[in-house]
Amino acid sequence: SWNGHAYLYDVRDAAFEERSRVKFTRGERVYAVATDYGGNHMVVGGRDGSVVMYDCARQPPRQVWTALLSRADFVYTVSLTQRLCAFAGTSRVVQVVSATTGDTLHTLPVNGTVHSVSLCGNLLVLSLITIFCGLTNAIALWGPSAHTGAAWWVVFVAIWGQTAIALVCLLAIMWADPGTV
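Residues numbered from 1 in each chain as written. Predicted model: local features only at pLDDT ≥ 70, side-chain atom pairs only at ≥ 80, totals over all residues. Heavy atoms only, no water.

### A few points about the overall build of the chain
- Each helix and strand counted, the chain has 2 helices and 10 strands in total.
- Taken from the N to the C terminus, the helices and strands of the chain come in the order β-β-β-β-β-β-β-β-β-β-α-α.
- Counting every position in the chain, which comprises 181 residues, the buried fraction comes to 34%.
- Once local pairs closer than 6 in sequence are excluded, the contacts in the chain between residues at least 24 apart make up 39%.
- As displayed, the chain has an accessible area near 10900 Å², and 61% of this comes from carbon and sulfur atoms. (Helix = DSSP H or I, 4+ residues; strand = E, 2+ residues; numbered from the N terminus. Buried < 20%, exposed > 50% of the residue type's maximum accessible area, 1.4 Å probe, protein only. Contact = heavy atoms within 4.5 Å. Areas by Shrake-Rupley, 256 points an atom, 1.4 Å probe, with all protein chains shown as cover.)

And the structure:
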């Protein structure tokens, strides 16, 4: 908000009463807020060029780390998963830091002001599904005796096996980081 505060409300309180609100005071204007999937952690960025991670599972919430943009400018956008935090703004970079320590992992140059970033942790799942689907389709299309009775059963079992493996991979990723899928 413009007054230098970020607020976290308990969504179980339908009226969003004052008692369900936690206020995080910052010295400058707040432009960006993101939470992890479970609402246990929140990152806040703003006019001072910093991003602060708070542990909201504790009462009262406590500050975990502070990360600064590589060039001191405004932070307009933040994104958070269990493992990574990305943020950007007027500095012409997107900075990716560890969500646990706040240490910089990557600094990606861009051509202008960044107004939106989004992290998605399901690349591993998509890669595994692509590999398994590709293998199964290759067997189905170019396998020996693709249209005989025995080959049909092999392809049938492979397709359902690929489906089961894909579901297991998705569930494994969701178990580790529910916000990624």
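Now, onward.
### Quick word on the confidence of the model for the chain
- On average, the chain scores 76 in pLDDT, and the residues at 70 or more come to 63%.
- For the chain, the element scoring lowest by mean pLDDT is strand β2 (residues 21–25), at 63; strand β7 (residues 75–80) scores highest, at 91. (pLDDT = per-residue confidence, 0-100.)

### Re the side chain of Ser98
- Tracing the sequence through the fold places Ser98 in strand β9 (residues 93–98).
- Overall, the relative accessible area of 12% leaves Ser98 in the buried class.
- A distance of 3.3 Å separates a polar atom in the side chain of Ser98 from a polar atom in the side chain of Thr101.
- Ignoring any residue separated from it by four or fewer positions in sequence, one finds Ser98 in contact with Trp65, Arg83, Asp103 and Leu105. (Polar contact = N/O pair within 3.5 Å; in protein donor to acceptor, adjacent residues only side chain to side chain.)

### Quick notes on the sheet that holds strand β10 (residues 104–109)
- Taken in spatial order, the 4 strands line up as β7-β8-β9-β10 in an open sheet, and their pairing is antiparallel. One side of each edge strand has no neighbouring strand; the edge strands of this open sheet are β7 and β10. Strand after strand, the sheet turns through a mean of 15 degrees between neighbouring axes, direction not considered.
- Here β9 pairs with β10 via 5 bridges, running antiparallel. (Pairing = 2+ DSSP bridges. Axes fitted to C-alpha atoms, helices over the stretch in contact; angles between N-to-C directions.)

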